[in-house]
Amino acid sequence: MANSEKTLVLVKPDGVAEGHIGQIISRLESKRYQIAALKVVTATTDQLKRHYREQVEKPYFHEIQTYMQEGPLVAIIVTGTDVVKTVHNLAGKTRPNDAQPGTIRGDFAHAYPDGILRNIVHTSDSRENAHHEIAIWFPELAVEAHQQASPSKK
Ligand SMILES: Nc1ncnc2c1ncn2[C@@H]1O[C@@H]2COP(=O)(O)O[C@H]2[C@H]1O
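Quick summary incoming for the structure in this document. All values derive from a computational prediction rather than experimental measurement.

Parameters at a glance
Residues numbered from 1 in each chain as written. Predicted model: local features only at pLDDT ≥ 70, side-chain atom pairs only at ≥ 80, totals over all residues. Heavy atoms only, no water. Core = buried A, V, L, I, M, F, W, Y, C linked by side-chain atoms within 4.5 Å. Buried < 20%, exposed > 50% of the residue type's maximum accessible area, 1.4 Å probe, protein only. Helix = DSSP H or I, 4+ residues; strand = E, 2+ residues; numbered from the N terminus. Contact = heavy atoms within 4.5 Å. Arc of directions from axis to C-beta. Pairing = 2+ DSSP bridges.

**Re the nonpolar core**
V9, I76, V78, V87 and V121 are the most contacted members of the largest nonpolar core, which has 20 residues in total. Of all the elements in the fold, those that place two or more residues in this core are β1 (4-11), α2 (21-30), β3 (73-81), α5 (83-91) and α6 (104-108). Take this core: its biggest share by element is 5 residues, from α5. Those residues in contact with V121, other than ones at most four positions away along the chain, are V9, L10, K12, I24, A91, I104 and R105. The next biggest cluster of nonpolar side chains, apart from the first, holds 18 residues, and it includes A43, Y67, A75 and I136.

**Considerations on α2**
For α2, the full list of buried residues reads I24, I25 and L28. Looking down the long axis of α2, one finds its buried residues gathered within 95° of arc, a one-sided arrangement. As for α2, its buried residues are in contact with β1, β2 (34-41), β3, α5, α6 and β4 (121-123). Phi turns positive one or two residues past the end of α2, at R32, with a value near 65°.

**With respect to the pairing of β1**
Along any regular strand, the residues point their side chains to alternate faces of the sheet. In terms of burial, β1 is largely enclosed, as 6 of its 8 residues are buried. Pairing of β1 with β3, which is carried by 8 bridges, proceeds in the antiparallel orientation. Across the sheet, the residue bridging to S4 is T81, located in β3. Bridge analysis of β1 against β4 gives 3 bridges, and the strand direction is antiparallel. Across the sheet, residue V11 finds its bridge partner in β4, namely V121.

Here you go:
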């Protein structure tokens, strides 16, 4: 398929706790994107430090960590044409108070007074970051791909 790519979506712990998993998946399916893999996972500190490699030195990193470890999250690999940009746009602006109606955050994320953190969903913002993030949340897929590329001789 032309321009077929992969991206990572995380339904963050508030999105899971407030019952938005199905609505978020419906929006991806409405675009005719494929759900290639999906899992419920509790984030480890190591995964968060790798995923938020650009924020790990920020003073608010510990807030991100506390938030992202509040409960389980749902990690989803989505595939399709131009999926990285399109799904990032579907999520809406990072700060829920600024996110437009019709976007996931615009429709479902609460407008907190200081609200940039609790934005219910993460989507990769580039092909490079999608590749990096998918390896963090789905390490078993890299092992499978490696095994398929070089099957051991019996
Ligand atoms: N200034 C900030 N204070 C607290 N959290 C932030 C701030 N900026 C970004 N974040 C969080 O860091 C995350 C980085 O990417 P996300 O799309 O997952 O959503 C972002 C927010 O949850």
